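The lines below spell out each chain.
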Amino acid sequence: SSLYGRLVGAGLVFSWFGDMFLTSQAQPMFLAGLCAFLLAHVMYSAAFVAHGYQRAWVIIAAIPLTAIAIAVWAWLEPSTPAELSIPVRAYIAVITIMVIFAFGTRGAGGSLYIVAGAVLFFLSDLSVAALRILETPHATYALGLPAYYAAQVCLALSTARNN
């Protein structure tokens, strides 16, 4: 019933649409899934800001997470099709901001579920990137899918009172 809970709920709905779009191997559907998940991360970020955050924690988290985001782009860039370059960069930026604000929320007394959910989501998206952009022959979804579902459960649980 809180603004935080409604924003997390909206993030879960956008994630559901992202799941639907990513069932296809077609590049336009990949882009639609990317956009749906980007909107989910915007909703989660907005939820974290609405919950409250500690600015010092945001700044401290931003330093290593920005470096990680740059390294992820350097890893993906050679294999990213030109038409997906801007969407992939935007996605990396938005999910990184989400993780940064998850840590900031923890600094303001937010649940550990928030940080766990954000970090697990980030890790699961690395597996999707390896599979769909790098086209790795490895079954990255074997780790990515459990991380993704655990992330969603953590974020949903973070809406419960006294967690």
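A short tour of the structure in this document, coming up. (Residues numbered from 1 in each chain as written. Predicted model: local features only at pLDDT ≥ 70, side-chain atom pairs only at ≥ 80, totals over all residues. Heavy atoms only, no water.)

### Topic: the packing of aromatic side chains
Note on aromatic pairs: each is described by the distance of the centres and the angle between the planes.
Alright, step 1. Taken as a whole, this structure holds 8 aromatic pairs when the rule is applied.
Alright, step 2. When the ring of Tyr 148 is compared with that of Tyr 149, the centres are 5.0 Å apart and the planes differ by 65 degrees; the resulting orientation is edge-to-face.
Alright, step 3. Classification of Tyr 149 by relative accessible area gives partly exposed; the value is 47%.
Alright, step 4. Through successive ring pairs, a cluster of aromatic residues spans Phe 37, Tyr 44, Phe 121, Tyr 148 and Tyr 149. (Phe/Tyr/Trp six-rings, centres within 6.5 Å; stacked < 30°, edge-to-face > 60°. Buried < 20%, exposed > 50% of the residue type's maximum accessible area, 1.4 Å probe, protein only.)

### A closer look at the packing of helix H3 (residues 55-76) against helix H5 (residues 112-132)
Alright, step 1. In the contact formed by H3 and H5, the axes pass within 11 Å of each other and the chain directions differ by 15 degrees. Accordingly, the angle class assigned to the pair H3 and H5 is roughly parallel. In terms of crossing hand, the pair formed by H3 and H5 is right-handed. Mapping the contact onto sequence places Ile 68, Val 72, Trp 75 and Leu 76 in H3 and Phe 122, Leu 126, Ala 129 and Ala 130 in H5. (Axes fitted to C-alpha atoms, helices over the stretch in contact; angles between N-to-C directions. Helix = DSSP H or I, 4+ residues; strand = E, 2+ residues; numbered from the N terminus. Parallel < 35°, antiparallel > 145°, perpendicular 65-115°, else oblique. Left-handed = near helix turned anticlockwise from the far one by under 90°. Contact = heavy atoms within 4.5 Å.)

### Some thoughts on the side chain of Thr 80
Alright, step 1. For Thr 80, the position within the fold is in the loop between H3 and helix H4 (85-107).
Alright, step 2. Within polar-contact distance, the side chain of Thr 80 engages the backbone oxygen of Leu 76 at 2.8 Å.
Alright, step 3. Setting aside residues no more than four positions away along its own chain, Thr 80 makes contact with Trp 73, Ser 85, Val 88 and Ile 133. (Polar contact = N/O pair within 3.5 Å; in protein donor to acceptor, adjacent residues only side chain to side chain.)

### As for the environment of Tyr 113
Alright, step 1. Mapped onto the elements, Tyr 113 comes out in helix H5.
Alright, step 2. Under the relative-accessibility criterion, Tyr 113 is labelled partly exposed at 33%.
Alright, step 3. Each C-alpha atom, one on Tyr 113 and one on Trp 16, is 20 Å from the other, the two residues being 97 residues apart in sequence.

### A few points about a nonpolar patch on the surface
Alright, step 1. Taken together, the side chains of Val 13, Trp 16, Phe 17 and Met 20 define a hydrophobic patch exposed on the protein surface, amounting to about 400 Å² of accessible area.
Alright, step 2. Structurally, Met 20 is set in helix H1 (residues 3-21). (Patch = residues over 30% accessible without salt bridge, like charges linked within 9 Å, V, L, I, M, F, W, Y side chains within 5 Å. Areas by Shrake-Rupley, 256 points an atom, 1.4 Å probe, with all protein chains shown as cover. Salt bridge = Lys/Arg side-chain N within 4 Å of Asp/Glu carboxyl O.)

Note that all results are geometric; they support no functional claim without further evidence.
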